[in-house]
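# Results of the structural survey
Each chain is listed here by its residues.
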Amino acid sequence: SLLKELEPTLQVIQTPLDGRMVSPWLLTTRWHEHMAGKDIKKLCSLVALPKNNDGDIPGLRDAVEAYYEEALSLLDRTGELVLQRLNSPDPMKSGISNTPFHKHLHKATMKQYILPVVALLAMLIRQEYSGKPFSGSNPRLMDLLAVLRIDDPQGRDALHLIHELLLEVWTTAWTHDGDGDIVDPTERCLALMMLRQDGAFKEPQEVTPVIARFQYCMRLTFLQEIHHRLESDPDSDELEHCMDLENFFVEKRRYTFSHIRSLQHRASSLAYDTMSLPQVWWTDTRTWTSMLFRGEQVNFADICKVFEQTEAKLVQIWEEVILMGQDIRVEYDRIADDLVSKDVGYSFLSDARNPQLTHRDQLLRKFLQDEDIFSHFAMIRENAIVWNRSTLQAWLRSYAELQSLLLLRAQMLSGAPTRGTELTAMTYRNTQARPTRNLVVLGKHVSLLCQYLKTTALTGKDKLIPHALDGITSDILVQDLALARPFAEVAARACFPDKPEVVDLYRNHVFVNYDRLFDSKDLSTVMTKCSLPILHFGLTIGSWRHIQTAWKRKLGCAVEDIIEMDAEDNVEALQAGHSRSTENRAYGISVEALAGAAEDVLPAYLNASMEWQRHCQVPLGGQSTSYKKA
């Protein structure tokens, strides 16, 4: 009975009376004060994302997505100076950016970027529907709800109402009236999105991505408004309209954009200056063979077992399923690769100096000449080959499993782990849009060049980060591209006759997942699947980055033999795509953390990969020999 009496107290946010019990982030935002005494579940439900079949607010996400797709289409019809101004948050301090406002590199990114706006509109509609007074109240919210429930969510009426509502929220100078509530609806939505179900608020580093999404969508809304004004007055100048609206999308003004930018600066400063607590605790401080990762026991010997089992599975699928028992191999002792060639379609597979790799029909001929295999995949009817789609699809799915294991080993055995978005989108030949391929041969090392960093979309620049593949992965990947990939292209053309883009994936990309590219979630899934039976918990891209970084520090110290300076970047840190200071602050933190010094030269990257492979007891890359010999 006593616990039942306490339940209402436990369900609302309590504000500590002593400021020393409040985090620096909450001291600067005071969100905990605004939420004090209110029901946590009700607050969280205000910003819950409505589902498409939700009878409450049906089709809101589709409507917002259609609205911003329309806004993105305007980028191609907008002058460069307008886009540069849109991309200049603080022109008084930093001047006008030379980089125009632009689309994301990955189309699916926009689906994530609209979610804060969906939450904002859902919150406003729910508050309006409740009938209680609140800042941001607008009768058009009920008009939007009516259109969503009755009309087409992606129709003009819905898109027009969304634009008018967002424009009003983001062009109003919200002022605090002293009643304790968060007046600006966007900040209120942000605070509620950061509120966890247990009543705590998320850390500053989790706030900045949401603010970045809000900013991007706000710029698109103002771009829409510029074009709406042009439509109503065709003789006017878009740059003049941009200048008229500039106060709403720059810093140090009274409007929402400026306010959330200020929050972002404060959150970034706190996140950058705050040392992460240890996720790694060493249980063996002599040989560094075991650790606790967030309380889970991890032994280096078990990590090596994961590599052993993936190697056995990789070879088994390659020999028995992909080659279907055929004894065929492309022999080579060296591979010529013109690293500076920008010719479209070029790769070491097409280089005339590698004649053994240029005959792309070897496996296809074997399959056609073997009666049993041919009858498995096709038949002859009226002097033409008729493919059996079901067996080809089964082969392509097995091929996707092979690709997933190659992807896993490229992630876990090529030195510092690559970011998932970089690894899954790599090309093995030059294309018209990307003249520098990602798969190259550096000396005798079959290597992946990681070029897409998480900062590429912001800076417009790529960095060259080589990762040398191990002896097993490198040879099977070469055999795959020279032998199996041509047959995979034929199979894809037969299975997806109306989808030429699928065939293009097989023609250009290193890793293909049946009818699409892999993504970070796919890579984490296969890592979990392979590690769970041995480690008794599943590795993911994020957890492996911490674990591998911690081991790399310990195993790399004896090699580099130089005490690390935080201002310098050592090879493994650069290979991971971040700075040494970022690595020391956030990844694989333990109380014994030390590492080596910087040496930003190309061979050193390859040596970093080989050093990690040597510790993992897998065949080293750079041997130019068969996987069986390796």
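For the structure itself, consult the block above.
Here is what the cut-offs are and how they apply
Residues numbered from 1 in each chain as written. Predicted model: local features only at pLDDT ≥ 70, side-chain atom pairs only at ≥ 80, totals over all residues. Heavy atoms only, no water. Helix = DSSP H or I, 4+ residues; strand = E, 2+ residues; numbered from the N terminus. Contact = heavy atoms within 4.5 Å. Areas by Shrake-Rupley, 256 points an atom, 1.4 Å probe, with all protein chains shown as cover. Phe/Tyr/Trp six-rings, centres within 6.5 Å; stacked < 30°, edge-to-face > 60°. Buried < 20%, exposed > 50% of the residue type's maximum accessible area, 1.4 Å probe, protein only. Lys NZ or Arg CZ within 6 Å of the ring centre and 35° of its normal. Pairing = 2+ DSSP bridges. Axes fitted to C-alpha atoms, helices over the stretch in contact; angles between N-to-C directions. Polar contact = N/O pair within 3.5 Å; in protein donor to acceptor, adjacent residues only side chain to side chain. Core = buried A, V, L, I, M, F, W, Y, C linked by side-chain atoms within 4.5 Å. Bend = angle between axes of the 7 residues up to and from the residue.

### Some remarks on the overall build of the protein
Each helix and strand in the protein was counted, giving 29 helices and eight strands. For the protein, the proportion of contacts with a sequence separation of at least 24, taken over those separated by at least 6, is 69%. Roughly 29600 Å² of accessible area belongs to the protein as shown, and the carbon and sulfur atoms make up 52% of that amount.

### Thoughts on the packing of aromatic side chains
Counted under the stated rule, the structure contains 22 aromatic pairs. When the ring of Trp-282 is compared with that of Trp-551, the centres are 5.9 Å apart and the planes differ by 70°; the resulting orientation is edge-to-face. Taken together, the residues span a long stretch of sequence, with Trp-282 in strand β1 (residues 280–282) and Trp-551 in helix α26 (residues 541–560) at a distance of 269 residues. According to the relative accessible area criterion, Trp-551 is buried, its value standing at 0%. Among the aromatic side chains, those forming a connected cluster through ring pairs are Trp-282, Trp-288, Phe-300, Phe-307, Trp-544, Trp-551 and Trp-612. Stacked on the ring of Tyr-514, the Lys or Arg Arg-397 has its end atom at 3.9 Å from the ring centre. The aromatic ring of Trp-288 is capped on one face by Lys-554, whose charged end is 4.4 Å from the ring centroid.

### Considering the sheet that holds strand β7 (residues 445–450)
Sheet architecture is open: three strands sit in the order β6-β7-β8, paired in antiparallel fashion. Of all the strands in the sheet, just β6 (439–442) and β8 (465–468) have a single pairing partner and so form its edges. Shown here is a sheet whose adjacent strand axes are inclined to one another by a mean of 40°, direction ignored. Summarising the sheet, β7 and β8 pair through four bridges and their orientation is antiparallel. Looking at the pairing, Ser-447 lines up with Ala-468 of β8.

### Some words on the pairing of strand β2 (residues 290–293)
As judged from the three bridges shared by β1 and β2, these two strands associate in the antiparallel manner. In the sheet register, Val-280 faces β2, and the bridge partner there is Phe-293. Both β2 and strand β3 (residues 296–299) contribute to a ladder of four bridges, which runs antiparallel. Residue pairing for β3: Met-291 is matched across the bridge by Val-298. What sits between the antiparallel neighbours β2 and β3 is a turn of two residues, in which Arg-294 has the positive phi angle 50°.

### Some words on the environment of Arg-516
Summarising the element assignment, Arg-516 is placed in the loop between α24 (500–508) and α25 (520–535). Note on Arg-516: relative accessible area 34%, which makes it partly exposed. In the structure, Arg-516 is positioned 15 residues away from Glu-501 in sequence and 9.1 Å away in space, judged by C-alpha atoms. Excluding residues within four positions of it along the chain, Arg-516 makes contact with Leu-505 and Asp-522. A distance of 2.8 Å separates the side chain of Arg-516 from the side chain of Asp-522, its partner in a polar contact.

### Here's the deal with the side chain of Gln-215
Its place among the elements puts Gln-215 in helix α13 (residues 204–232). With relative accessibility at 3%, the residue Gln-215 sits in the buried group.

### Considerations on the sheet that holds β1
Read from one edge of the open sheet, three strands run β1-β2-β3, paired in antiparallel fashion. Each edge of the open sheet is held by one strand with a lone partner, namely β1 and β3. Adjacent strand axes in the sheet meet at a mean angle of 30°, parallel and antiparallel pairs treated alike.

### Regarding the nonpolar core
Ranked by size, the top nonpolar core spans 94 residues in total, and within it Trp-395 and Trp-551 carry the most contacts. In terms of residue count, the dominant contributor to this core is helix α23 (residues 471–495) (14 residues). Those residues in contact with Trp-551 that sit more than four places away from it in its chain are Trp-282, Trp-288, Thr-289, Ser-290, Met-291, Val-298, Asn-299, Phe-300, Ile-303 and Trp-612. Listed in part, the 81 residues of the second largest apolar core include Ala-63, Ala-122, Val-169 and Leu-223.

### Topic: α23
Of all the bends found along α23, the most pronounced is centred on Ala-484 and spans about 50°, while Pro-486, a proline, follows it within four residues. A large share of α23 lies buried, amounting to 23 of its 25 residues. By the N-cap criterion, in which a side-chain oxygen at the helix start approaches the backbone nitrogen of a residue two or three places on, α23 is capped by Asp-470, the distance to Ile-472 being 3.0 Å.

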